[in-house]
Structures are given as C-alpha cells and as structure tokens.
Amino acid sequence: MNTALVIEDVRLTPILVSDPPLLNTQGVHQPYTPRLIVEVVTRGGTTGVGETYGDGAYLEAARSLAEALPGRAVTDLNGLFALAGEVCDGSHATADDRVDAGGLRGVRNAGKIRLSVVSAFEVACLDALGRAQGLPVHALLGGKVRDSVEYSAYLFYRWAAHPVPGERDDWGAALDPAGVVAQARRFADTYGFGSFKLKGGVFEPDREIAAIRALAEAFPGRPLRLDPNGAWSVPTSLYVAEQLKDVLEYLEDPTSGTDNMAAVAAATDVPLATNMCVTTLAEIPEAFARDAVRIVLSDHHYWGGLHRTRELAGICRTFGVGLSMHSNTHLGISLAAMTHVAATVPDLAYACDSHYPWQTEDVITERHTFTGGRLTVSDAPGLGVELDRDRLAALHRRWLEDDGTHRERDDAAAMRVADPDWTTPAVPRW
Ligand SMILES: O=C([O-])C(=O)C[C@H](O)[C@@H](O)C(=O)[O-]
Ligand SMILES: [Mg+2]
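For the protein chain, the name recorded in an unreviewed UniProt entry is glucarate dehydratase, with Streptomyces filamentosus as its organism. Quoted straight from UniProt, the Pathway (unreviewed entry) entry for the protein chain says "Carbohydrate acid metabolism; D-glucarate degradation; 2,5-dioxopentanoate from D-glucarate: step 1/2." The record held by UniProt for the protein chain lists under Cofactor (unreviewed entry) the comment "Mg(2+)".

Dropping the structure here:
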C-alpha cells in the first residue's frame, strides 16, 4: 500500500448555516440549518473534504466512522460501507414512519443515515486521492462526458423574513403566482436557469396550479416541475396532473409511497419523478416493476457517495428510467461533488436541482457561479474547492453557541414560532 494514501486523521466540524424562510409541506426552514464538514488527512499530508447532514444522528454515526478510519487507505472506498455497518450501531436512529424533515426523503432509518454519513467520507477520500494524484474527481470516476452540468431554478414559496430576529435576505416574500414568477425571473436573470421547479405542498392545490400556470405563461416552453413532497392523495394528484399536463416536464412525488405513486402513474401520462419512494436499492425492484416512477432523482448523500450514484445511474439505464438529481440545503463542497458525478453520467437528461442559490454562507474560498444555468466541471485536482478555515471556524462557533434549537432540522418547530398550533400535517394533506 502507498503509505502516503493512508488516513492519519479525520476532522469533523459541525456548523450552522443561515437558511431563508422557505416553505414546504412540513413547515418552514429554520433560520439556521446544521451541516457537517468532514476532513480526511493522509500520512502524505493531503487533506480531502466532504459534506453531509449535520443533525445529531448523522453526527453520532460520523464520529464512530471517523474514529475507525485512521490506518485505512483513501482508496478503500468500497470498504467504507462494511466499516460503517460495523461501527455505527444505529441506536441513535430507530426506523419509524416519520418523514425525515432533513431532506423530506421518505421514512427515516438508521441505514439511510449511515449511507448519508458514508457519502461525506467517500467524497473526502476522493478529494484527497485526486489531490494526491493530481487528478480531478471526475477522472477518478471514469472521466467526464460533459464539460458543464445544467441546473434548474429551485423556486420556493417563502416569507420575506423569519419570525425571529436574524439574517434577512433581499428576495422578499413569494406567496402567490406573481411572487413565484418574480422569483423565477430573478433566478433566470441572475443565473441563467432555463428550467424551474416549484416546491409545492404548501397551499391548496388550485393555488399551486395557478402558480405553475403563471410560470408557463411567463416562460413559454420552459421545463416546469412541481414537487409537493407526497402531500396529495391519488385523486388530487390526478387532478393536478390533468390541469398541468400540457406544461409539466414531470410531477415530483405528488403522493406518498410506491402504491400511491403506481396508482397515479397508471392513470396519467405526466411523468412522475421521485426522491421519496426510491431512495435505497431495496426500494427499486417494486417501484420499477410497477412503473411507479419514470425519473429517479439521485442524491449522493442518500445513496452513499459518488460511486453508488453511478451504480444507481446504471440500474436506471437498464430499466429505461430517467435520472436527475435532488438537492436540499447544501454548501459548495457538496455542489462540487454533485457536479463531478453528474459530469460522468452519460444519460443525465434533466437539469439537476440545487438549493445553492439560497445559501449565502459557505465554507469554501470561492463560491460556485452558475452561468447560463450551468456549472463548469472543474479539472483541478480533487473536487477543485478550497476550505475557508475562517468561515468554517465562524460557522462552527455558531453551532457551539446554539442552545440546541437549530442543531436538529425541524421545519414544523420553525413553523410553530409563527403558528403555535402547527403540527406536521398528516398525509395526504389534500
Ligand atoms: O426535492 C425535494 O423533495 C427536496 O428538495 C426536499 C428538500 O428538503 C426541500 O423540500 C426543503 O428543503 O424544503
Ligand atoms: Mg422532491
């Protein structure tokens, strides 16, 4: 073994990042959201970085994995899964039916949490390996098949400000079709995005249908998507599909669970996409056999890293299912990772999601810049991003000083600040 590639140290830095008051079916984003930055340091003196969810269950699993990693090589990526299975006991995260607010990713369980933790270590190892070898991460994945990756505008209903004092941005409120169109216009003008996704499940469906209609009128012919995170019944999903069939590129998780998705898919020609009913390998056979989804939104945090994302792409290709990319609150390290893996997938036919424009704080020295709705794929060694240690320290300080309110993402709790009677809505909500 090349001893220079052996891991000597692993650093974990939990941080709190400011987040705007974006609405979804569970509630509203808190003013600060937890993320975890992973640094892997090799004996040769190279440091690689990764990023994942920072809530307590993720942090606990990451601590166990970080302790077990020194002495292993950054090339031992396949071994990460077995190692995580051995050392992360999962007692912190019981399987239950609760939809995971930290990503609205279907039910939450220990296996999913473990994969999300492994993803950050895998990315950090690839970054370190790439830096040590002078190769970009995409080259370590087999090479890029495109020089830039297209992203779509991720539109949210939102308030102008959080109901508690804190950071405030200048986007203003978007609570009706005119507000959504104004937000889309700013996204298009600033970043050049050519397709638009609206996070739905916030208002009654007719109101959201009106917003999509307004977008279709303002941006004729552009791909449009609506994603209520499983908030609708089968009949409501079919009603919305019928109303919007001429303008939707796809309908994302209109309803919860493979049974319901299959029932909707059987009765409409509007393609259905998911980042909720297919988020693990175990969920694929039934969903694909029943034609429940036409597009899977990959997410390297869900699937266990960049290699696993490429495996998912191969499975989707085999079954004629399309692939795109999901996102929730993330920083520039993850966006770099997303861009590298997206650059290597041949049949990525849809613009990827990214929350990045909503994140005004970052831990990298140079923010990514969307041009014409696209990010250029970096050919620099590793991910091609540098840690800004001062920013990292400042955001970590915020985490240390937090009284616990923000260390777990809880969109329902944030909503209760404005509406004390709020509880996470049962599904179907409409
Ligand atoms: O596509 C999705 O389902 C998401 O992006 C989930 C996210 O967590 C989003 O709904 C959010 O952050 O409110
Ligand atoms: Mg979604």
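Notes on the pattern of salt bridges
For the coordinates displayed, the defined rule picks out 27 salt bridges. Among the ionic pairs, lysine 144 bridges to aspartate 147, the shortest N-O distance being 2.9 Å. The partly exposed category is assigned to lysine 144, whose relative accessible area is 28%. Residue class for aspartate 147 comes out exposed when judged on its relative accessible area of 53%.

Quick word on the site of ligand 1
Near ligand 1 you find 17 residues, and of these Asn24, His29, Tyr154, Lys197 and Asn229 are the closest. Separating an oxygen atom of ligand 1 from a side-chain N or O atom of asparagine 24 is a distance of 2.7 Å. Take arginine 409: an N or O atom from its side chain is 3.1 Å from an oxygen atom of ligand 1. When the free accessible area of ligand 1 is taken as 330 Å², the share hidden by the protein chains comes to 100%. Grouping the amino acids of the shell around ligand 1 by side-chain chemistry returns 3 nonpolar, 9 polar and 5 charged.

Remarks on unusual backbone geometry
That bond from valine 427 to proline 428 is cis: its omega, -5°, falls within 30 degrees of zero. Looking at the secondary structure, you find proline 428 in the segment after helix H14 (411–418). Non-glycine residue aspartate 253 carries a positive phi angle of around 40°. Relative to the helices and strands, aspartate 253 resides in the loop between strand E10 (248–252) and helix H8 (258–267). Unlike most non-glycine residues, aspartate 291 shows phi in positive territory, near 50°. Tracing the backbone shows aspartate 291 in the loop between helix H9 (284–289) and strand E12 (295–298). Given the relative accessible area of 56%, aspartate 291 is considered exposed.

Regarding the coordination of the magnesium ion (ligand 2)
Donor atoms from the polypeptide that coordinate the magnesium ion (ligand 2) comprise Asp227 (OD), Glu252 (OE) and Asn275 (OD1), at 1.9 to 2.2 Å from the metal. Ordering the donors of the magnesium ion (ligand 2) by residue number gives the pattern D-x24-E-x22-N. Placement of the pair is aspartate 227 in strand E9 (residues 224–227) and glutamate 252 in strand E10, with a sequence separation of 25 residues. A relative accessible area of 1% places aspartate 227 in the buried class. Residue glutamate 252 is classed as buried on the basis of its relative accessible area, which comes to 0%.

Side note on the sheet that holds strand E8 (residues 196–199)
Read from one edge of the open sheet, 7 strands run E7-E8-E9-E10-E11-E12-E13, paired in parallel fashion. Looking along the sheet, the strands with just one partner apiece sit at the ends: strand E7 (153–156) and strand E13 (322–325). When the angles between neighbouring strand axes are averaged without regard to direction, this sheet yields 25°. Pairing between strand E11 (residues 272–274) and E12: 2 bridges, direction parallel. Within E12, the position partnered with alanine 273 by the bridge is isoleucine 295. On top of the sheet, helix H5 (residues 177–191) reaches E7 and E8; it is set at about 155° to E7, its chief contact.

Cut-offs applied
Residues numbered from 1 in each chain as written. Chains lettered and ligands numbered in written order. Predicted model: local features only at pLDDT ≥ 70, side-chain atom pairs only at ≥ 80, totals over all residues. Heavy atoms only, no water. UniProt positions renumbered as here; feature names shortened; annotations may be inferred. Salt bridge = Lys/Arg side-chain N within 4 Å of Asp/Glu carboxyl O. Buried < 20%, exposed > 50% of the residue type's maximum accessible area, 1.4 Å probe, protein only. Near = heavy atom within 4 Å. Polar contact = N/O pair within 3.5 Å; in protein donor to acceptor, adjacent residues only side chain to side chain. Areas by Shrake-Rupley, 256 points an atom, 1.4 Å probe, with all protein chains shown as cover. Nonpolar A, V, L, I, M, F, W, Y, C, P; charged D, E, K, R; others polar. Helix = DSSP H or I, 4+ residues; strand = E, 2+ residues; numbered from the N terminus. Donors = N, O, S within 2.8 Å, 3.2 Å for Na, K, Ca; no water. Pairing = 2+ DSSP bridges. Axes fitted to C-alpha atoms, helices over the stretch in contact; angles between N-to-C directions. Contact = heavy atoms within 4.5 Å.

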